[in-house]
Each structure stands twice: as structure tokens, then as C-alpha cells.
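# Results of the structural survey
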Amino acid sequence: MAAYATAISKGSVKYTLSGWFGGFSDQDDNAKLSVTFKSATGASVGTSGSIGGVKAADRGNTTKFLPATKAGAVPKTARTALVTITMQWTQGFYVDDYTTI
């Protein structure tokens, strides 16, 4: 992000967070994707919120992927970004959530 610091400081840089989220059959195992924007000193200066969290009912109790997208402005003082995928096991013997970003 260092190459874009001037544009970021002006508030003219946007981000798009997107991915495909799914799971197995009627299980509610799921994954969420989020970004934490950090200043040059490492302090958090904003978050994207999260996308994903697809449950079995969202998928019609079938094994498949669903798209998710969220867009916003990169905070003016952001200089790095931490991308996090959180996977949650709810039932079964394995974490059966699927993600592609």
C-alpha cells in the first residue's frame, strides 16, 4: 500500500472485498472474510466489516458456493491491511466450510 500512500491520504482509494463462500450439505460450518486497516505505526484505523458467514439455509441445505461482495473507502491514514479469514466449525467431524477469495 506504500506506493498508494498519497492517494490514500486524499481519501480517493476504494477497496472491494469479495469471495465465494459455501459449505457442505445441511451443516452450518462457515467462513467470514474481513480486512483491518492499519496506520504506519500498526494501530487499527478501520475495518471493512465482514462478508461470508453462509449457513446451510442460505445454500438450501446443499453443497455449493455463494458470492459475497462489500466495497468501501480505504481510511486516509491506512498504510497496511490485515486480511483475516475466520472459519467456524458447528457440527460434523471436519470443518466443512469452503472459501475462495
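What comes next is a walk through the structure. (Residues numbered from 1 in each chain as written. Predicted model: local features only at pLDDT ≥ 70, side-chain atom pairs only at ≥ 80, totals over all residues. Heavy atoms only, no water.)

Right, let's talk about the pairing of strand S1 (residues 14-23) for a bit. Direction of pairing for S1 relative to strand S4 (residues 64-73): antiparallel, over a ladder of ten bridges. Directly across from Leu 17, in S4, lies its bridge partner Lys 70. Judged from the four bridges that link them, S1 and strand S6 (residues 97-100) form a sheet pairing that is antiparallel. Along S6, the bridge assignment pairs Gly 23 with Asp 97. (Pairing = 2+ DSSP bridges. Helix = DSSP H or I, 4+ residues; strand = E, 2+ residues; numbered from the N terminus.)

Another aspect to go through is the side chain of Arg 59. As for its position among the elements, Arg 59 is in the loop between strand S3 (44-52) and S4. Look at Arg 59: it is buried, it has no salt bridge, and the nearest opposite charge is Asp 28 at 5.2 Å. In terms of polar contacts, Arg 59 uses its side chain to reach the backbone carbonyl oxygen of Gly 23, at 3.3 Å. Apart from residues lying up to four places away in sequence, Arg 59 is in contact with Gly 22, Gly 23, Phe 24, Ser 25, Gln 27, Val 54, Lys 64 and Leu 66. (Buried < 20%, exposed > 50% of the residue type's maximum accessible area, 1.4 Å probe, protein only. Lys, Arg positive; Asp, Glu negative; His and termini not counted. Salt bridge = Lys/Arg side-chain N within 4 Å of Asp/Glu carboxyl O. Polar contact = N/O pair within 3.5 Å; in protein donor to acceptor, adjacent residues only side chain to side chain. Contact = heavy atoms within 4.5 Å.)

None of this, on its own, says anything about what the molecule does.
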